[in-house]
Amino acid sequence: MSSVSRRHFLGTGAAAAAGLSLGSAGRLEASSAAPAWQASRPAVIASANGLRGVARAYEMLTKGADPLDAAIAGVNIQELDPEDQSVGLGGLPNADGVVQLDASCMHGPTRRAGAVASLEGIATPSLVAKAVMDYTDHILLVGPGAKQFALAMGFKEQNLLTEKSRQDWLRWKARISPDDNWLDHDDDVTIKFSTGTINMNAVTSSGDIASVTTTSGLSWKIPGRVGDSPIIGAGQYCDNGVGAAGSTGRGEANIKVCGAFLTVEGMRRGLTPQQACLATLERVVAMTERRLLGDNGRPRFDLNFYAIAKDGSYGGASIYSGGRFAVADAKGARLEDSVFLFKREERPRR
Ligand code: ASP
């Protein structure tokens, strides 16, 4: 653990429980995770945009649904919502104005996984990822092959670029350079440069676990860019004996540490879900290349992890403060604050 950030996140109690040493300045910046003694099953955790989704997934789990079916039904809400510009229909497009989607899933009880990347024209890549898992001997299909597979499986092709997202793309394109042939708009609209994704992880009442992550990835990305979401072990990971974890935020930073896998391995070693998320973020910071660090030595991007253990205990953590996550268990569906490494006002502009 690096000395830079350990003082920012672990209180002495948590550190002791995790078997970690802690400097005298150590304190817990925020704490909201359910300790194991409060945990209940079934339970579902997701990124904050999954509030409606965790409610749906939880309800399905109370009726005995499979954990992956429940989690995917949860993320389908965002995938099919044209107002959510980070996922599925309405997602912000790549630099060419084409919406390219990434998704992956894991099913704990059967130890299987499926994924798609750079998928065009299909609004629910999470379901296509599950079809790869269910109907093929492969794990990851990409680009035209993924689309061909989806069409063969009966998925319907549609235009995923909503008028709102097309307008945002046109504004971005016009403003790339004052010297190109596109006239700059003189309106004062902020150009979105966005990340956004939904990750959801579910545990049934009997302790079976599943995870799914789906996204349109970075807005205005280089065509063909694939983020962390469809990478098993980065965007999400699930081990039925331990728990599940997933991520949103800068995918390039997550891929380098295999973040979802690392988080599940942290739980296997005895860390709580919250501690495991923070330990993974520590690794992310340690692995950040210099050009992405501000003058204060901290990353110029954010990354979030969400984790759930087999007993239903859960936690979420971000590099910067202000992050939230959605959770649903016996206490209902709600948003909770993520713990963090650094206060947000300390974050330099990207
Ligand atoms: N992780 C996603 C990606 O890098 C984006 C995000 O979650 O904001 O593609």
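Fair warning: this is a prediction, and the values are worked out from it, not measured in the lab. Going along each chain's sequence as written, the residues are numbered from 1 onward. Where local features are concerned, this predicted model is filtered to residues with pLDDT of at least 70; where side-chain atom pairs are given and counted, the filter is 80 or more; whole-chain, interface and lining totals use all residues. Side-chain measures here rest on the full set of heavy atoms in the structure, leaving out hydrogens and waters.

Trainee: Explain a nonpolar patch on the surface here, please?
Mentor: To count toward a patch, a residue needs a relative accessible area above 30% and no salt bridge. Like charges then connect within 9 Å, nonpolar side chains (Val, Leu, Ile, Met, Phe, Trp, Tyr) within 5 Å. Here the open area of atoms and residues is found with the Shrake-Rupley method and a 1.4 Å probe, where only the protein chains shown may cover a residue. By salt bridge we mean one thing: a side-chain nitrogen of Lys or Arg within 4 Å of a carboxyl oxygen of Asp or Glu. A cluster of nonpolar side chains, namely Ile139, Leu140 and Val142, defines an oily patch on the protein surface of about 250 Å² accessible area. Under the scheme used here, helices are H or I runs from DSSP no shorter than 4 residues and strands are E runs no shorter than 2 residues, and both carry numbers assigned from the N terminus. In this fold, Leu140 is placed in strand β4 (residues 140–142). Buried means the residue's accessible area, taken with a 1.4 Å probe over protein chains only, is under 20% of the maximum for its type, while exposed means over 50%, and partly exposed covers the values in between. Judged by its relative accessible area of 40%, Leu140 falls in the partly exposed class.

Trainee: Would you take a moment to explain the nonpolar core for this structure?
Mentor: Across soluble globular proteins, nonpolar side chains have a tendency to be buried as a group. Each nonpolar core is a collection of buried residues, namely Ala, Val, Leu, Ile, Met, Phe, Trp, Tyr and Cys, held together in the definition by side-chain atoms within 4.5 Å. Met267, Leu281, Val284, Leu303, Ile308 and Ile319 are the most contacted members of the largest nonpolar core, which totals 41 residues. Not counting residues within four places of it along the chain, the set of residues in contact with Leu303 comprises Ser247, Thr248, Gly249, Arg250, Ala253, Asn254, Leu281, Val284, Ala317, Ser318 and Ile319. Ala57, Leu68, Ala103 and Ala129 belong to the second largest nonpolar core, which has 35 residues in total. The criterion used for residue contact is that any of the two residues' heavy atoms lie within 4.5 Å.

Trainee: For this particular structure, what's the right way to read the pattern of salt bridges?
Mentor: Oppositely charged side chains can form a pair if their charged atoms are brought close together. Going through the model one piece at a time under the given rule, you end up with 17 salt bridges. Asp81 is the partner of Arg52 in a salt bridge, and the nearest nitrogen-oxygen pair spans 2.9 Å. One end of the pair, Arg52, is in helix α3 (residues 51–62); the other, Asp81, is in the loop between α4 (67–79) and β2 (101–107), with 29 residues separating them in the sequence. Residue Arg52 is classed as partly exposed on the basis of its relative accessible area, which comes to 46%. Glu59 is paired through a salt bridge with Lys63; the nearest N and O atoms lie 2.9 Å apart.

Trainee: Hey, could you run me through the packing of α3 against α4 in this one?
Mentor: The description of two helices packed together rests on the angle between their axes and the distance between the axes. Contact pair α3 / α4: the axes reach a minimum separation of 8 Å and the direction vectors enclose 150°. As judged from the angle between their axes, α3 and α4 are roughly antiparallel. Like other packed secondary-structure pairs, α3 and α4 cross with a definite hand, here right-handed. Between α3 and α4, the contacting residues are Arg52, Gly53, Arg56, Ala57, Met60 and Leu61 on the first element and Pro67, Asp69, Ala70, Ala71, Ala73, Gly74, Ile77 and Gln78 on the second. In this count, Pro and Cys sit with the nonpolar residues alongside Ala, Val, Leu, Ile, Met, Phe, Trp and Tyr, while Asp, Glu, Lys and Arg are called charged and the others, Gly among them, polar. Across the contact of α3 with α4, the residue classes tally to eight nonpolar, three polar and three charged. Lines fitted to C-alpha atoms define the axes here, with helix axes fitted over just the stretch in contact, and angles between the N-to-C directions of these axes take values from 0 to 180 degrees. Any angle between 65 and 115 degrees counts as roughly perpendicular, while under 35 counts as roughly parallel, over 145 as roughly antiparallel, and the rest as oblique. Whether a crossing is left-handed or right-handed is set by the direction in which the near helix is turned from the far one by less than a right angle, anticlockwise for left-handed and clockwise for right-handed.

Trainee: Please clarify how the sheet that holds strand β13 (residues 339–342) should be interpreted in this entry.
Mentor: The pairing of strands in a sheet happens through backbone hydrogen bonds and is either parallel or antiparallel. For two strands to count as paired, DSSP must find a minimum of two bridges between them. The five strands lie next to each other as β7-β8-β9-β10-β13, forming an open sheet whose pairing is mixed. The sheet is open, and its two borders are formed by β7 (236–239) and β13, each paired with just one other strand. Mean inter-strand twist for the sheet, computed between neighbouring axes without regard to direction, equals 15°. Both strand β8 (residues 243–249) and strand β9 (residues 303–309) contribute to a ladder of seven bridges, which runs antiparallel. Bridge pairing links Gly249 to Leu303 in β9. Each of β7, β8 and β9 is contacted by helix α9 (residues 259–268), which is oriented at about 145° to β8, the strand it contacts most.

Trainee: So what exactly am I meant to see when it comes to the pairing of β8 here?
Mentor: Note on strand geometry: in a regular strand, side chains alternate between the two faces of the sheet. Across the seven residues of β8, seven count as buried, placing the element largely inside the fold. Judged by which residues are buried, β8 turns out to be covered on both faces: Gly243, Ala245, Ser247 and Gly249 on one side and Ala244, Gly246 and Thr248 on the other are all buried. When β7 meets β8, the two strands line up antiparallel, connected through four bridges. Paired with Tyr237 across the strands is Ala245, a residue of β8.

Trainee: Help me understand unusual backbone geometry in this model?
Mentor: Across the chain, the bulk of peptide bonds are trans and the bulk of non-glycine residues have phi less than zero. Arg41 connects to Pro42 through a cis peptide bond whose omega is 0°. As for its placement among the helices and strands, Pro42 is situated in the loop between α2 (12–18) and β1 (43–47). In this structure, Trp220 takes a positive phi of about 60° despite not being glycine. With respect to the helices, strands and loops of the structure, Trp220 is situated in the loop between β6 (209–215) and β7. In this structure Trp220 comes out as buried when scored by relative accessible area, which is 6%.

Trainee: Looking at this structure, how should I read the confidence of the model for the protein chain?
Mentor: Detailed reading of the predicted model is not advised wherever pLDDT is low. One number per residue, pLDDT, summarises how confident the predictor is, and it ranges from 0 to 100. Summary statistics for the protein chain give a mean pLDDT of 88 and a share of 85% for residues scoring 70 or more. Note that pLDDT drops below 50 for residues 346–350; the model gives that stretch 14 contacts with residues more than four away or on any other chain.

Trainee: Can you walk me through helix α6 (residues 143–152) in this structure?
Mentor: Spacing of three or four residues puts side chains on the same side of an α-helix, whose turn is 3.6 residues. Burial in α6 covers these residues: Gly143, Ala146, Phe149 and Ala150. For α6, the angular spread of the buried residues around the axis is 125°, confining them to a single face. Those residues of α6 that are exposed and angled more than 90 degrees off the buried face are Pro144, Gln148 and Ala152. Where α6 is buried, its residues touch β3 (112–119), α5 (125–135) and β4. Immediately downstream of α6, the backbone of Gly154 shows phi near 95°, a positive value. Arc definition: directions from the helix axis to the C-beta atoms.

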